[in-house]
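# Tertiary structure, described
Spelled out, the chains give:
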Amino acid sequence: MALPDLVTTCLSPPVHYAICKLGFEKTDTYDINNILSGNGEVCWQAVTEHVCYLESDQSVDYIKSIRLLGPVCESVNLYFKSLTKEKFVIQYASWFHWTNCTEVFLEVFDVLQYTQATEVALGLMKLTSCLERALGDVYLLKGNDCPFLLRDLLASEQLADVFGQAVMNVLRVFIGSPHGLNLRNVLWHGFASPQEIPAKYCAMLLFLTAGLGQLLQSYLLQTKGVLVHRPYVIFISLEELDIFPGKYLTTSNFFIILYLLLFPCPKGRYADSVILLLPQLEVGLRLLFTTSNKCPNRLLTAESSALYTTFDEMLAKHLDNEKVNQLPVVLEEPAMASDFLWDFLNHQEGPRIRDRLSHGEINLGTFPREVANQIVGFAVSILCRFSDEDIFCLKEHVVIKPLVNCASCYRSRFHPISRLKKQVLECMKSIHLWTELPTVPEEQVQKIKGLEGNAEADTLILMMSEIISQLQHYMPQSCCSSDDPIRSVLTERLLVELCDTRICTLYSPRPVLEVVAVLRRISAQCHQVSQQVIAGAGLRYTQWVNKALRSRQRHNYGRMLDSIKFLSPVLWLILLLITLELVSVHSVCKKNPFDYQQYLKFLKSVLQYTENLVTYTSPEKNKWDETMELTKKTLIKLRKICDRKLMLM
């Protein structure tokens, strides 16, 4: 695919004019003392006077406001340059405490002293991220459900009540509104290069943030309120994010040199590296997207009345004109590139790196190296995929080649189908622990007065055998045995093998996702039953040994031991059904609506059974006779379902 010649800017002419020229048209010098009090506080009235409004509807006139605020921003920038770090800290540090990110704002001051374009852009992205998070905390002083979009947050009545509408309008000139400079969006989405962002706008936002802190302090004193900061998102199970071999990303001199050339950040500041890399990754993929879909006009920043071309659209199956998105075809390995991007950026159960970084949900100082490694590894693999042939030696380098190989065999880890597989395997491990449960000798159990052997045991075993026999046609032949179908089929090996089956997760249709959602609920209920059985059996055994059980409790304990012998293979059978259905799930789209509705009805009946099991096996209920009766009815229903072939298989 032929890519266009060197792209010099991704800002459309009107947006480029607004950001790079409009704020420089007024060349008169503005006296900083007009907006600063003697002790360094912001004189907000003097600032808000520079915001103009349209006569027609009194909404903000962004063009005139940017033009008028240009000299003010320059004055603030020069003022900060005149301060020593010590004086700045003494005068302003306390006004940043409300953001819960004081150090980030002090770093931005340092950056402004040298005006290196990349560092200014990085500082501005971090500043807007932390500012948005802090404003969301303020919003929650007066409202619930903080808006997700910065645009909606800045336009909210709640913030206007705290800071004043005129103050919020000043902020909207710089961030949040697509009609203004919109600095946050054009940077985070990779439309603006660092050289296109004037440092004076970064200085002005630093100044305004301190001024907001002053206003908030007065508001909290008047209302006797307390600002509560929401907890940061913490990445757990980092091993799930370990795709690219970390040793190649952290120990190779070759890669360290390459990495520092591309993303020059101090050692250990992994968030900074990812913040710089994500916009570059987005603009690179946008170039591929616009070229492959023959829409070169979408490479530039869309106007406020049109659609931005961002990751969300680039990862969609169809374009806004309903044509099929050609980017996955161009990537050649859609299961690699698209699945990785969906996993790390979009899937609700994934890390959602860009969203969480750009909206301030992550503590920048503790951003994990493991996550940064994966983003960098993926970027390198994409770079090699679309690099010129004359750097073939780079692709074959001992460090780079393993990264490319890992990328080529990537499987989604955070798609609902992938999460269901994980749930099944975790539930399987839990049920396997039943074999290790402490139990009293059989002869002691049989001595309990009134406890007889389970007369229905043979019936239950027979029904399970019949169901398994009908399912064996859909299982690997190595797992089938006519001698003892229950023991030969209901095994960990089979479930692991079925869960390892590669299933297409990209662009799963709605019916598939609906089925998977029900299967996940069934699996979750089974896991809860297993945990309750483990906890209950352990407690009752301890009480038995200590002779702390009354007669009725001893009888119930005996019924528990009797029941879980048969409940274990039943739960195994349900997990087997889940995995077999999962492997066949995409065929649900080929069935007519009647069959699909019947199928969902069947799944929901299994879900109802597992929900009832959770109730009956809970410590509060301990209804083991009811558990066995319910299990018998469910097995009868499952056998009929298999006979009628209402399942997907």
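Residues numbered from 1 in each chain as written. Predicted model: local features only at pLDDT ≥ 70, side-chain atom pairs only at ≥ 80, totals over all residues. Heavy atoms only, no water.

- Going by the annotation in an unreviewed UniProt entry, the name recorded for the protein chain is EMARD protein, with Leiothrix lutea given as the source organism.

### Concerning the overall build of the protein chain
- Summing up its helical and strand segments, the protein chain has 30 helices and zero strands in all.
- Considering only residue pairs separated by 6 or more positions, the protein chain has 76% of its internal contacts joining residues 24 or more positions apart.
- Surface summary for the protein chain: the accessible area is close to 30,000 Å², and the carbon and sulfur share equals 54%. (Helix = DSSP H or I, 4+ residues; strand = E, 2+ residues; numbered from the N terminus. Contact = heavy atoms within 4.5 Å. Areas by Shrake-Rupley, 256 points an atom, 1.4 Å probe, with all protein chains shown as cover.)

### Considerations on empty space enclosed by the protein
- Under the criterion given, the structure shown has three cavities of 30 Å³ or more.
- Each pocket or cavity is described by its volume, and for the largest cavity that value is around 60 Å³.
- If you go around the largest cavity, you meet ten residues; those closest to its centre are L577, I578, F602, L603 and V606.
- Put simply, the parts of the chain that give the lining of the largest cavity at least two residues each are α27 (510-545), α28 (551-583) and α29 (593-616).
- Across the lining of the largest cavity, the residue classes break down as nine nonpolar, no polar and one charged.
- Of the voids in this model, the second largest cavity is the one considered here, and its volume is about 40 Å³.
- Taken together, Q532, V533, G536, A537, M560, T617, S618, P619, N622 and W624 make up the full set of residues lining the second largest cavity.
- Top element by residues in the lining of the second largest cavity is α27. It accounts for four residues.
- For the lining of the second largest cavity, the residue count by class is five nonpolar, five polar and no charged. (1 Å grid on protein atoms, 1.4 Å probe; cavity = no way out; pocket = protein on both sides within 12 Å on 5 of 7 lines; lining within 4 Å. Points joined across faces, edges and corners; volume = space filled by probe spheres on them. Nonpolar A, V, L, I, M, F, W, Y, C, P; charged D, E, K, R; others polar.)

### Re the packing of helix α3 (residues 62-82) against helix α11 (residues 199-223)
- Where α3 meets α11, the closest approach of the two axes is 8 Å, and the angle between their N-to-C directions is 80 degrees. In terms of orientation, α3 lies roughly perpendicular with respect to α11. Contacts from I66, G70, V72, C73, E74, V76, N77 and F80 of α3 reach α11 at A199, K200, Y201, A203, M204, L206 and F207. (Axes fitted to C-alpha atoms, helices over the stretch in contact; angles between N-to-C directions. Parallel < 35°, antiparallel > 145°, perpendicular 65-115°, else oblique.)

### Overview of the packing of helix α22 (residues 416-432) against α28
- Two elements in contact, α22 and α28, have axes whose closest approach is 11 Å; the angle formed by their N-to-C orientations is 160 degrees. One way to sum up the angle between α22 and α28 is to call them roughly antiparallel. Note on packing geometry: the crossing formed by α22 with α28 is left-handed. Residues I417, L420, K421, V424, C427, M428 and I431 of α22 lie in contact with α28, whose contacting residues are S568, L571, W572, L575, I578, T579 and L582. (Left-handed = near helix turned anticlockwise from the far one by under 90°.)

### Describing the environment of T48
- Take T48: it is sitting in helix α2 (residues 44-48).
- By relative accessible area, which is 16% here, T48 ends up buried.
- The sequence separation of T48 and V170 amounts to 122 residues, and the corresponding C-alpha distance is 6.3 Å.
- What T48 contacts, discounting residues up to four positions off in sequence, is A166, V167 and V170.
- A distance of 3.1 Å separates a polar atom in the side chain of T48 from the backbone oxygen of Q45. (Buried < 20%, exposed > 50% of the residue type's maximum accessible area, 1.4 Å probe, protein only. Polar contact = N/O pair within 3.5 Å; in protein donor to acceptor, adjacent residues only side chain to side chain.)

### Concerning the pattern of salt bridges
- The tally for this structure, following the rule as stated, stands at 25 salt bridges.
- D625 is paired through a salt bridge with R559; the nearest N and O atoms lie 2.6 Å apart. One end of the pair, D625, is in helix α30 (residues 624-644); the other, R559, is in helix α28, and 66 residues separate them in sequence.
- Accessibility expressed as a relative area gives 44% for D625, which makes it partly exposed.
- Because the salt bridges share partners, they merge into one network encompassing E240, E349, R419, K422, E426 and R520. (Salt bridge = Lys/Arg side-chain N within 4 Å of Asp/Glu carboxyl O.)

### Looking at the environment of G143
- Within the secondary structure, G143 sits in the loop between α6 (117-139) and α7 (150-154).
- In this structure the C-alpha to C-alpha distance between G143 and L159, which are 16 residues apart in sequence, comes to 9.5 Å.

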